[in-house]
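# A structural walkthrough
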Amino acid sequence: MNIRTLVPCAFVAFCACSHAPVMQSSSVAGVSQSDFGKTADGNSVELYTLTNAQGLKASILTYGALVTKLEVPDRNGKLGDIVLGFDNLEGYLAGHPYFGATIGRVANRIAKGKFTLDGKTYSLAINNGPNHLHGGLAGFDKRVWKAEPIASSEGPAVKFSYRSPDGEEGYPGNLDVSVVYTLTAQNELKIQYAATTDQATPVNLTNHSYFNLAGGGDILGHDLTIHARRFTPVDETLIPTGKLQSVKNSPMDFTKPHQIGERIAQLKGNPEKGNPGGYDHNYVLNSGTGELAPAVRVREPNSGRVMEIFTTEPGVQFYSGNFLDGTLKGKGGVVYQKHAGFCLETDHFPDSVNQPKFPSIILRPGKTYTQTTIHKFSVE
Ligand code: GLA
């Protein structure tokens, strides 16, 4: 779709004739809004674009509270879109592997979609082999959220809200969720999540953006550092075994920068069981204090773009786009091949509800769930 800022009358008239969507500025500086179509059941979807003083742009849809575009400069100051996605709502509605989306109620896998809480066993939607993945058949990534631009001293911001009703995808309790995206003056995309409930329930929220700091091609040449000495090994259906294993002397070690592609072939997966190999692992971050701390640094040598991630979360799922297989056509008609993007999903560990030794993801009435993750962009 065309993205336009508020424009002179003559141009507005042109847009109306050609039925192209027109961006409207909201009352909050640096936030504009446009229509992005309707879902199959007739819900209107809007696109919000945040622009900071340096010209960085982040576009977020009310469908899935998902990031469709993130434009950041390379070392020559040229803006480039560094996330995978689609040009129009049809692309998102047709089904996709969580491009840019807010994931909930519980990110990643829950073994066999079952867990027991306060003596009661719950059965969740099964949507990934034998397991529950990323909130189920219609997780938060497929819901239409309410949006409200907010005046923040840090930069342009939009708050997305959603009420997940009791029983949705099998989860107990009405959960009120909000996600605030802020594009700060320090060239950070800051994502702040909050949730409250009226019954005890698991909650584990994250963002599933697929990054490619080169703006195209594959991501194998990106240099990656993950501040984690351990990871959670998984079984053949990608459920953690419960162990925390050292990354030392293995292709899992990103404590010092390594190219993503350097050792990826050693991670063979189990293609017969639907695991194509490559990185799809939860790292146990060294910090683990609940305070905002450095988690990841990624550098793309040709563009010079650098992304640093800071989070309050104990883990980050590093996924190297192994399931992308050239069947999806994204923005500008580009076909997304294997490893066209990578995800760094900051959250609690997979299957935490069934792993007593992992940090708990249970939220109880009267308490507020929060998580903050910052993506900071620079060049070198
Ligand atoms: C997560 C999972 C992957 C895959 C992607 C979506 O990163 O860990 O296994 O399901 O989401 O394709």
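The rules behind these values
Residues numbered from 1 in each chain as written. Predicted model: local features only at pLDDT ≥ 70, side-chain atom pairs only at ≥ 80, totals over all residues. Heavy atoms only, no water. Pairing = 2+ DSSP bridges. Helix = DSSP H or I, 4+ residues; strand = E, 2+ residues; numbered from the N terminus. Salt bridge = Lys/Arg side-chain N within 4 Å of Asp/Glu carboxyl O. Buried < 20%, exposed > 50% of the residue type's maximum accessible area, 1.4 Å probe, protein only. Core = buried A, V, L, I, M, F, W, Y, C linked by side-chain atoms within 4.5 Å. Contact = heavy atoms within 4.5 Å. Phe/Tyr/Trp six-rings, centres within 6.5 Å; stacked < 30°, edge-to-face > 60°. Domains from an automatic or database assignment. Buried area = accessible area lost by both parts, 1.4 Å probe. Near = heavy atom within 4 Å. Polar contact = N/O pair within 3.5 Å; in protein donor to acceptor, adjacent residues only side chain to side chain. Areas by Shrake-Rupley, 256 points an atom, 1.4 Å probe, with all protein chains shown as cover. Nonpolar A, V, L, I, M, F, W, Y, C, P; charged D, E, K, R; others polar.

### Remarks on the sheet that holds strand β4 (residues 57-61)
With respect to topology, 6 strands assemble into an open sheet ordered β1-β2-β3-β4-β5-β6, the strand pairing being antiparallel. Of all the strands in the sheet, the pair left with one neighbour each is β1 (24-25) and β6 (79-81).

### Some words on the pattern of salt bridges
Applying the stated criterion across every chain yields a total of 10 salt bridges. Glu154 is paired through a salt bridge with Lys190; the nearest N and O atoms lie 2.9 Å apart. Here Lys190 lies in strand β15 (residues 188-197) and Glu154 lies in the loop between β12 (146-150) and β13 (157-164), a separation of 36 residues in the sequence. Given a relative accessible area of 12%, Lys190 falls into the buried group. When the shortest N-O distance is used, the salt bridge between Arg163 and Asp176 registers 3.0 Å. Note that Arg163 is positioned in strand β13 and Asp176 in strand β14 (residues 175-183), a separation of 13 residues in sequence. In the salt-bridge network here, residues are joined through shared partners; they are Asp223, Arg297, Arg299 and Glu380.

### What to know about the nonpolar core
Counting 57 residues, the largest nonpolar core has Ile226, Tyr283 and Phe318 as the members making the most contacts within it. By residue number, the principal contributor to this core is β14, which donates 5 residues. Apart from the residues within four sequence positions on either side, Tyr283 is in contact with Ile226, Ala228, Arg230, Phe231, Val247, Met252, Phe254, Pro314, Gly315, Val316 and Phe318. Listed in part, the 23 residues of the second largest apolar core include Met23, Leu47, Leu66 and Leu324.

### Examining unusual backbone geometry
Across the junction of Gly104 and Arg105, the peptide omega takes the value 5 degrees, indicating a cis bond. For Glu169, which is not glycine, the phi dihedral falls at a positive 55 degrees. Although it is not a glycine, Asn187 adopts a positive phi angle of roughly 60 degrees. Within the secondary structure, Asn187 is located in the loop between β14 and β15.

### Quick notes on the packing of aromatic side chains
Under the definition given, this model contains 18 aromatic pairs. A ring pair is formed by Phe86 and Phe99, whose centres lie 5.5 Å apart and whose planes are at 50 degrees; its orientation type is tilted. One end of the pair, Phe86, is in the loop between β6 and α2 (89-93); the other, Phe99, is in the loop between α2 and β7 (102-103), and 13 residues separate them in sequence. One exposure class covers both Phe86 and Phe99, and it is buried. Summarising the aromatic geometry, the rings of Phe99 and Tyr210 are spaced 4.8 Å apart at their centres and angled 85 degrees between planes, so their arrangement reads as edge-to-face. Of this pair, Phe99 sits in the loop between α2 and β7 while Tyr210 sits in the loop between β17 (206-207) and β18 (223-226), and the two are 111 residues apart along the sequence. Comparing Phe99 with Tyr210 shows no difference in burial state: the two are buried.

### Focus on the domain arrangement of the protein chain
Domains assigned within the protein chain are domain 1 (25-106 + 130-208) and domain 2 (223-363 + 373-379). Carbon and sulfur atoms make up 58% of the surface buried where domain 1 meets domain 2, a total of about 2,900 Å² over both sides. When the buried surface of domain 1 facing domain 2 is broken down by residue, Arg75, Leu84 and Asn204 rank first, second and third, together holding 19% of it. Linking domain 1 to domain 2 there are 1 salt bridge. A salt bridge links Asp81 to Lys331, with the nearest nitrogen and oxygen atoms 2.7 Å apart.

### Details of the environment of Thr368
Along the polypeptide, Thr368 turns up in the loop between β29 (362-363) and β30 (369-379). Thr368 sits in the exposed class, given a relative accessible area of 52%. C-alpha of Thr368 to C-alpha of Ser26: the two residues are 342 residues apart in sequence and 29 Å apart in space. Non-local contacts of Thr368, meaning those with residues more than four positions away in its chain, are made with Ala194, Ala195, Thr196 and Leu363.

### Quick word on the site of the ligand
Taken together, 14 residues lie around the ligand, and Arg109, His134, His208, Asp280 and Glu345 are the ones closest in. At 3.2 Å, a side-chain N or O of Gln317 approaches an oxygen atom of the ligand. One nitrogen or oxygen atom from the side chain of Glu345 is found 2.7 Å from an oxygen atom belonging to the ligand. Here the ligand loses 95% of its free accessible area of 300 Å² to cover by the protein chains. Of the residues in the shell around the ligand, the class split is 7 nonpolar, 4 polar and 3 charged. Counting contributing residues per domain, the shell around the ligand is built from domain 1 (25-106 + 130-208) and domain 2 (223-363 + 373-379), each supplying no fewer than three.

### Points about the pairing of β18
Because side chains alternate across β18, one face comprises the buried residues Asp223 and Thr225, and the other comprises Leu224 and Ile226, equally buried. Sheet analysis places β18 next to strand β21 (residues 258-259), joined by 2 bridges and oriented antiparallel. Within β21, the position partnered with Asp223 by the bridge is Gln259. Alignment of β18 against strand β23 (residues 293-299), held across 4 bridges, turns out to be antiparallel. Among the inter-strand pairings, Asp223 is bridged to a residue of β23, identified as Arg299.

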